[in-house]
Amino acid sequence: MSSRRSASGSVRSRTPKREGLLVLDEQLRVKRANRFFYEMFLVSPAETEGRLIHQLGDGQWNIPNLIDQLKDVAAGNARLDGLEVDADFPAIGRKTMMVTTRVLDQEGPLNMVLLVISDMTKRKAAERAVQELSGRLLRLRDEEQRRIARELHDTTAQNLSALGMNLALVQRESERLGPEARAALSECVAIGDQCSREVRDVAALLHPPLLDEIGLASALRWYADSFSRRTGISVSVNVSPDLGRLGQDIETTLYRVAQECLTNIQRHSGSPTAEVRVERDEQEIRAELRDEGRGISSDALARHGVGIPGMRERVRQLGGRLDIRSDSHGTRVIVSLPLGGASAGGGGA
Ligand SMILES: Nc1ncnc2c1ncn2[C@@H]1O[C@H](COP(=O)(O)OP(=O)(O)OP(=O)(O)O)[C@@H](O)[C@H]1O
Ligand SMILES: [Mg+2]
């Protein structure tokens, strides 16, 4: 097994990498390019060697951010380690490239810069497709849960209420029944009540009606109350008074993040308390979920379940960030989401 692996490893290391290489002088003039550069950009050595990089082609390499950084590299003050650049090339279309540099020390006054260019176009397109798909799946799941919750609330829960009212009517005349039938009737009333509570709880967990109707702040308070009753963990909810209504995507995302964090706090942290904070300014909305538990070990974080990656994905879909800060005194999950509809998902549902 190990010999096979080392054999294939050595084969792989001898296979040339498909990377474009440019050697530039201190003025950023192309001294040499490799064959793959010419194949990748469909250009000839005559169109390339001896020209300044920002004059190559029809000026596609005249990318201010890239040129500025290359000047620093050529002066020996910096190196580029995976700069992502996009450019439109007439012959080959739009390319996403990853650029890395190394300074080649010369005998004499000049430094040469080696530019390594990897074509990331296909990989980026695949990443975008995966992001779009996962965004669509999350939205579909939210929509499905909302639909099931509404259905349960509007049909089964209403039917159970009607059943309860009819049973109450019968119970008023229960002295006409024998003792066994009377006991059975009482039991039916109790079971009916329990079913009714369970159906409403399931519907509310799937999708809290409050979230759509009166917004995130009330829905979070409602969830924190029912969470505290179920778990004995005391939760304080601090929502800035000027939060107002946010878009449905933002409200659903923050609600689901709070739900997952509180569930994690109950299952993993050992903390007797939890805090939910939500505040906003002009640009962004920031939520923080904090506990005073044992913290997340690096082992646990490395082998996460579905919860943490799921939160990250939801937040990324809206162009936001999720940070986790954890030590032996507790854990903070901090989410910031841009206001104004920025979306990393790229496509609609
Ligand atoms: N607040 C917390 N305090 C301590 N450990 C935590 C906390 N939150 C998460 N963890 C640790 O991080 C791990 C990953 O959490 P994550 O939510 O991704 O998965 P999970 O809760 O184990 O499973 P699920 O997929 O059902 O959410 C947990 O298994 C746990 O060990
Ligand atoms: Mg979890």
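Residues numbered from 1 in each chain as written. Chains lettered and ligands numbered in written order. Predicted model: local features only at pLDDT ≥ 70, side-chain atom pairs only at ≥ 80, totals over all residues. Heavy atoms only, no water.

## Details of the overall build of the protein
And step 1. Helices and strands together make up the secondary structure of the protein, namely ten helices and ten strands.
And step 2. Over its C-alpha trace the protein gives a radius of gyration of 31 Å, far above what one expects of a compact globule, namely 20 Å for 349 residues.
And step 3. Overall, the protein is about 110 × 55 × 45 Å in size when its C-alpha atoms are taken along their principal axes.
And step 4. Looking at the 349 residues of the protein, the share that counts as buried comes to 37%.
And step 5. Of the roughly 20,700 Å² of accessible surface on the protein, a fraction of 51% belongs to carbon and sulfur atoms.
And step 6. Between the mean site of the 49 positive side-chain charges and the mean site of the 49 negative ones, the protein shows a separation of 5 Å. (Helix = DSSP H or I, 4+ residues; strand = E, 2+ residues; numbered from the N terminus. Rg over C-alpha atoms; globule rule 2.2 N^0.38 Å. Buried < 20%, exposed > 50% of the residue type's maximum accessible area, 1.4 Å probe, protein only. Areas by Shrake-Rupley, 256 points an atom, 1.4 Å probe, with all protein chains shown as cover. Lys, Arg positive; Asp, Glu negative; His and termini not counted. Charge placed at Lys NZ, Arg CZ, Asp CG, Glu CD.)

## Points about the sheet that holds strand β10 (residues 330-338)
And step 1. If you walk across this open sheet you meet the five strands as β6-β7-β8-β10-β9, and the pairing is mixed. This sheet does not close on itself; its edge strands, each paired only once, are β6 (234-239) and β9 (321-327). Across this sheet, the average inter-strand angle for adjacent strands is 10°, counted without regard to direction.
And step 2. As defined by bridge partners, β6 adjoins strand β7 (residues 273-280) across six bridges and the pair is classed as parallel. Bridged to Ser236 within β7 is Glu275.
And step 3. Packing of helix α8 (residues 248-269) onto the sheet brings it into contact with β6, β7, β8 (284-291) and β10, and relative to β8 it is tilted by some 10°. (Pairing = 2+ DSSP bridges. Axes fitted to C-alpha atoms, helices over the stretch in contact; angles between N-to-C directions. Contact = heavy atoms within 4.5 Å.)

## A few points about the site of ligand 1
And step 1. Surrounding ligand 1, one finds 17 residues, the nearest of these being Glu260, Asn264, His268, Val306 and Ile308.
And step 2. Most atoms of ligand 1, that is more than half of them, are within 2 Å of grid points of the largest pocket.
And step 3. Per-element tally for the shell around ligand 1: the top contributor is α8, with six residues.
And step 4. Of the residues contributing to the shell around ligand 1, the split by class is six nonpolar, eight polar and three charged. (Near = heavy atom within 4 Å. 1 Å grid on protein atoms, 1.4 Å probe; cavity = no way out; pocket = protein on both sides within 12 Å on 5 of 7 lines; lining within 4 Å. Sits in = over half its atoms within 2 Å of the grid points. Nonpolar A, V, L, I, M, F, W, Y, C, P; charged D, E, K, R; others polar.)

## A short note on the layout of surface pockets
And step 1. By volume, the largest pocket amounts to about 490 Å³.
And step 2. Taken together, 26 residues form the lining of the largest pocket, with Asn264, His268, Ile296, Ala300 and Ile308 sitting closest to its centre.
And step 3. In terms of residue count, the dominant contributor to the lining of the largest pocket is α8 (seven residues).
And step 4. Residues of the lining of the largest pocket, tallied by class, amount to twelve nonpolar, nine polar and five charged.
And step 5. Taken as a whole, the second largest pocket spans an internal volume of roughly 410 Å³.
And step 6. Forming the walls of the second largest pocket are 19 residues, and the residues nearest its centre are Arg141, Arg256, Gln259, Glu260 and Arg314.
And step 7. Going through the elements one at a time, α4 (121-172), α5 (179-206), α8 and α10 (307-317) are the ones with two or more residues in the lining of the second largest pocket.
And step 8. Sorting elements by how many residues they give to the lining of the second largest pocket places α10 first, with six residues.
And step 9. Across the lining of the second largest pocket, the residue classes break down as seven nonpolar, six polar and six charged. (Points joined across faces, edges and corners; volume = space filled by probe spheres on them.)

## Observations regarding the pairing of β7
And step 1. In this fold, the crossover linking β6 to β7 by way of α8 has left-handed handedness.
And step 2. Pairing of β7 with β8 involves seven bridges; the strand directions are antiparallel. From the neighbouring strand, Val278 faces β8, where its bridge partner is Ala287.
And step 3. Hairpin connection of β7 to β8: three residues between the antiparallel strands. (Right-handed = clockwise from strand over helix to strand, strands pointing away.)

## Some details on the coordination of the magnesium ion (ligand 2)
And step 1. Of the protein atoms, only Glu260 (OE) and Asn264 (OD1) coordinate the magnesium ion (ligand 2), at distances of 2.1 Å. Linking Glu260 with Asn264, this pair stays in helix α8, spanning four residues, or about one helical turn. (Donors = N, O, S within 2.8 Å, 3.2 Å for Na, K, Ca; no water.)

## What to know about the packing of α8 against α10
And step 1. Contact geometry of α8 with α10 gives a least axis separation of 10 Å together with a crossing angle of 165°. Classified by the angle between their axes, α8 and α10 sit roughly antiparallel to one another. When you trace α8 past α10, the crossing you get is left-handed. Contacts from Thr252, Thr253, Arg256, Val257, Glu260, Cys261 and Asn264 in α8 reach Gly307, Ile308, Met311, Arg314 and Val315 in α10.
And step 2. The class makeup of the residues in the contact of α8 with α10 is five nonpolar, four polar and three charged. (Parallel < 35°, antiparallel > 145°, perpendicular 65-115°, else oblique. Left-handed = near helix turned anticlockwise from the far one by under 90°.)

## A closer look at α10
And step 1. Residues of α10 that are buried: Gly307, Ile308, Met311, Glu313, Arg314, Val315 and Gln317.
And step 2. Looking at the buried positions of α10, the neighbouring elements they touch are α4, α8, α9 (298-302), β9 and β10.
And step 3. Directly after α10, the chain includes Gly319, whose backbone phi takes a positive value near 75°.

## Quick look at the packing of α4 against α10
And step 1. In the contact formed by α4 and α10, the axes pass within 10 Å of each other and the chain directions differ by 105°. Overall, the two elements α4 and α10 adopt an arrangement that is roughly perpendicular. Listed contacts from α10 to Gln131, Ser134, Gly135, Leu138, Arg139, Arg141 and Asp142 of α4 are Glu313, Arg314, Arg316 and Gln317.
And step 2. The residue inventory of the contact of α4 with α10, partitioned by class, reads one nonpolar, four polar and six charged.

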